[in-house]
Amino acid sequence: MEPTNDDDHRANGSDHNHLAKRSKLSSSALVTDSEIRAEFAHHQSGIARINNGSFGSCPSSIIAAQKRWQLHFLQQPDDFFFNHLQKRILHSRTIIKDLINAEHVDEVSLVDNATTAAAIVLQHVGWAFAEGRFQKGDAVVMLHCAFQAVKKSIEAYVTRAGGSVIVVHLPFPLRSEEEIVAEFRKALAKGKANGKKVRLAIIDHITSMPCVVVPVRDLVKICREEGVERVFVDAAHAIGNVHVDVEEIGADFYVSNLHKWFFCPPSVAFLYCRKSPVSPDLHHPVVSHEYGNGLAIESAWIGTRDYSSQLVIPEVLEFINRFEGGIEGIRMRNHNAVVEMGQMLATAWGTALGCPPDMCPSMAMVGLPASLRILSDNDALNLRTRLRGHFGIEVPIHYQEIKDFQDGDGCVTGYVRISHQVYNTVDDYLKLKDAILQLVHEGVTCKMLSPE
Ligand SMILES: Cc1ncc(COP(=O)(O)O)c(C=O)c1O
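All of these numbers come straight from a predicted model, not from anything done at the bench.

**Student:** I'd love a proper account of the overall build of the chain, names of residues and values included.
**Tutor:** Of the regular secondary structure elements, the chain holds 16 helices and twelve strands. Taking 2.2 N^0.38 as the reference for a compact globule, 452 residues should give roughly 22 Å; the C-alpha atoms of the chain span a radius of gyration of 23 Å, in line with that estimate. Expressed along its principal axes, the backbone C-alpha trace of the chain runs to roughly 65 × 60 × 40 Å. By residue count, 46% of the 452 residues in the chain fall in the buried class.

Okay, structure coming up:
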């Protein structure tokens, strides 16, 4: 879709049956393999890029659409600002509202990223301490493997304000969802036994490292039963990767990046905030003219900047709907492929997946041979650097500490996190398989790998 004035009539929220459009596509309109290759031809050649999870990917047709929006602004900024920008952002928010099954478009804000969304929610908690609504020692719950930026945000807004933190330890490798549920219940019970009032639970929908899909709906339900006041789901990886239905999940706040698995350019995320008495008290950390007009409106103008990553959402949806089954089809095929590739690697290396296949999204944790002796986070980083520098492979590596581990006892302590996105081919994973086997055959251990 071109960014022309004619498009603006669509911004009124009455013509948004985008999902229905997909089924009307004839099979001839479906994207071909060569078109997919062309869409990602800007990826550096010779690199096995199996880390979509970290920074996502953006097709060239969307990069072109983004440039058109940027030019549209630069051509006549005044006109763009007064007549187009807000309508277009509303249009994008309405598309997301439909996709995630939110009740009202006011519940959907577009922000830069999951880090910004965490700041919005936790700043709100910080004020409650500052204004005396929360008491010293009141608690926030988080998973021990919460994303580092979120942990730091808790430190900045909660711990500093006098709040305490209840940490839920997740075992890894994992055998079932029940293990997560049991640990969650245990941590909540311990916090309550200490007389703590739990003001907020922060739950990942898909943990980053190690990566697993968390039974978030069950955990939200437990929070409600146990009197946890509010629940924030950090679903940075979710949309395009797992099914997202915010009504069904039932959390108060839910954020997902759109630049990870939804093909948007960096950076844009949606933050869903269920309508409630606290809604008017949620604010963007960057205060501008719209302060006090609701989070979605505040977020739609945080000063002069490039808003183009928010404006391309309609074009992104058109891109997605060129694939059979739209976003659901893409994620199912990615999931099946990543599990198949993960199992192929585990067989070749004599290891196993870090969790059952149904707990993998479009990413999978695969055990690395114990002979590589990954014995620290630094070892994991050095191996990742070696794979990138010497073998042209982009893949993150996780060090899993094992209690009572005796150096050299043959335990798997390292995992690769592989991703699968529409541009990946089997060759990407074969390249990783062979690189690891080569290091093993050469008797390389992580101790020998110094930073490049
Ligand atoms: C679980 C989780 N939360 C938050 C983030 C932060 O995302 P961003 O850097 O886009 O803010 C990430 C990024 O990978 C993540 O995995």
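**Student:** Would you mind going over the sheet that holds strand β9 (residues 363–367) in detail, with residue names and values included?
**Tutor:** One open sheet accounts for three strands, arranged β9-β12-β11; its pairing is antiparallel. Here the strands that pair on one side only, and so sit at the sheet edges, are β9 and β11 (397–399). Averaged over all pairs of adjacent strands, the angle between their axes in this sheet comes to 30 degrees, without regard to strand direction. Direction of pairing for β9 relative to strand β12 (residues 414–419): antiparallel, over a ladder of five bridges. Within β12, the residue paired with M363 across the bridge is S419. Of the strands in this sheet, β11 and β12 are in contact with helix α15 (residues 377–391), which crosses β11 at around 165 degrees.

**Student:** Can you tell me about the environment of R160, naming the residues and giving the values?
**Tutor:** Assignment of secondary structure puts R160 in the loop between α7 (148–159) and β4 (164–168). On the neighbour-count criterion, R160 (11 C-beta atoms within 10 Å) is exposed. Remark: the alpha-carbon pair of R160 and F129, spanning 31 residues in sequence, is separated by 9.8 Å.

**Student:** So what's going on with the domain arrangement of the chain? Residues and values would help.
**Tutor:** Accessible area lost when the parts come together is the quantity often used to give the size of an interface. Once the domains are mapped, the chain shows domain 1 (69–317) and domain 2 (325–446). Placing a centre on the C-alpha atoms of domain 1 and another on those of domain 2 gives a separation of 29 Å. Counting residues at the interface gives 17 residues for domain 1, matched by 16 residues for domain 2. The class makeup of the residues in the side of domain 1 that touches domain 2 is eleven nonpolar, four polar and two charged.

**Student:** I'd like to hear about the site of the ligand, residue by residue, with values.
**Tutor:** Near the ligand you find N113, A114, T115, F147, A149, V150, D204, S208, D234, A236, H237 and N257, and these make up its full shell. The set of elements that each furnish at least two residues to the shell around the ligand consists of α6 (114–130) and α7. When the residues that make up the shell around the ligand are grouped by side-chain class, the tally is five nonpolar, five polar and two charged.

**Student:** Lay out helix α8 (residues 177–193) in plain terms, naming residues and giving numbers.
**Tutor:** For an α-helix, 3.6 residues make a turn, and residues three or four places apart therefore share a direction. For α8, with 17 residues, the first-to-last C-alpha span of 25 Å sits near the 24 Å given by 1.5 Å per residue. Those residues of α8 that sit buried are I180, F184, A187, L188 and G191. Buried positions in α8, seen along its axis, are confined to an arc of 95 degrees and lie on one side of it. More than 90 degrees from the buried face of α8, the exposed residues found are E178, A182, K186, A189 and A193. In the core, the buried residues of α8 are packed alongside β3 (139–143), β4, β5 (198–204) and α9 (216–225).

**Student:** Please give an account of α6 that cites residues and values.
**Tutor:** Across its 17 residues, α6 extends 24 Å between first and last C-alpha, which sits within 8% of the 24 Å expected from 1.5 Å per residue. Of all 17 residues making up α6, twelve are buried, and the element is well covered by its neighbours. When α6 is considered as a whole, its buried residues turn out to be A114, T116, A117, A118, A119, I120, V121, L122, H124, V125, G126 and A128. One or two positions beyond α6, positive phi appears at G132, with a value near 80 degrees.

**Student:** Give a detailed account of the sheet that holds strand β2 (residues 108–111), specifying residues and quantitative values.
**Tutor:** Here seven strands make up an open sheet; going across it, the order is β2-β8-β7-β6-β5-β3-β4 and the pairing mixed. Because the sheet does not close on itself, it has two edges, and the strands there are β2 and β4. For this sheet, the mean inter-axis angle between neighbouring strands, taken without regard to orientation, is 20 degrees. α8 rests against β3, β4 and β5 of the sheet, and its axis sits at about 155 degrees to β4.

**Student:** Describe the UniProt feature "domain: Aminotransferase class V" (unreviewed entry) in the chain, naming the residues involved and giving the relevant values.
**Tutor:** Residues annotated by UniProt as "domain: Aminotransferase class V" (unreviewed entry) correspond here to residues 86–276. With 39% helix and 19% strand, residues 86–276 has its two end C-alpha atoms placed 24 Å apart.

**Student:** Let's hear about the confidence of the model for the chain: which residues, and what values?
**Tutor:** Low pLDDT means the predicted atomic positions in that stretch should not be read closely. For the chain, mean pLDDT is 93; residues scoring 70 or higher make up 92% of the total. Ignoring residues within four places in sequence, the model shows residues 1–24, a span with pLDDT below 50, making 28 contacts including any to other chains.

**Student:** Report on the nonpolar core, specifying residues and quantitative values.
**Tutor:** Side chains that are nonpolar tend, in soluble globular proteins, to be buried together. The biggest cluster of nonpolar side chains holds 131 residues, and the ones touching the most others in it are V141, I202, V233, F253, L271, Y272 and I418. The biggest single contributor to this core is α6, with nine residues. Ignoring any residue separated from it by four or fewer positions in sequence, one finds Y272 in contact with I100, A102, E107, V108, V246, F253 and Y254.

Rules used throughout
All chains use their own residue numbering, which begins from 1 and follows the written sequence. A pLDDT threshold of at least 70 governs which residues receive local features in this predicted model, and a stricter bar of 80 or more applies before side-chain atom pairs are shown or counted, although totals over entire chains, interfaces and linings include all residues. Starting at the N terminus, helices and strands are each numbered in turn, a helix being any DSSP run of H or I of at least four residues and a strand any DSSP run of E of at least two. Based on C-alpha atoms, the radius of gyration is set beside the globule rule, defined as 2.2 Å times the residue count to the power 0.38. The exposure label follows from counting other C-beta atoms within 10 Å of a residue's C-beta, where the C-beta atoms are placed from the backbone and the thresholds are 20 or more for buried and 12 or fewer for exposed, leaving partly exposed in between. A pair of strands counts as paired when DSSP detects no fewer than two bridges linking them. Lines fitted to C-alpha atoms define the axes here, with helix axes fitted over just the stretch in contact, and angles between the N-to-C directions of these axes take values from 0 to 180 degrees. Note on contacts: residues are paired as contacts if their backbone-placed C-beta atoms lie within 7 Å. Those domain boundaries reflect an automatic or database domain assignment. All amino acids are sorted into three groups, where Ala, Val, Leu, Ile, Met, Phe, Trp, Tyr, Cys and Pro are nonpolar, Asp, Glu, Lys and Arg are charged, and the leftover types, Gly among them, are polar. Residue proximity rests on one test: whether the C-beta atom, placed from the backbone, lies within 6 Å of the molecule or strand. In this analysis, the expected span of each helix is defined as 1.5 Å times one less than the number of residues it contains. Here, the arc refers to the directions that run from the helix axis to the C-beta atoms. UniProt positions are given in the numbering used here, feature names are shortened, and annotations may be inferred rather than shown by experiment. Within a predicted model, pLDDT stands for the predictor's per-residue confidence, ranging from 0 to 100. A set of buried Ala, Val, Leu, Ile, Met, Phe, Trp, Tyr and Cys residues, joined to one another through C-beta atoms within 7 Å, is what we call a nonpolar core.

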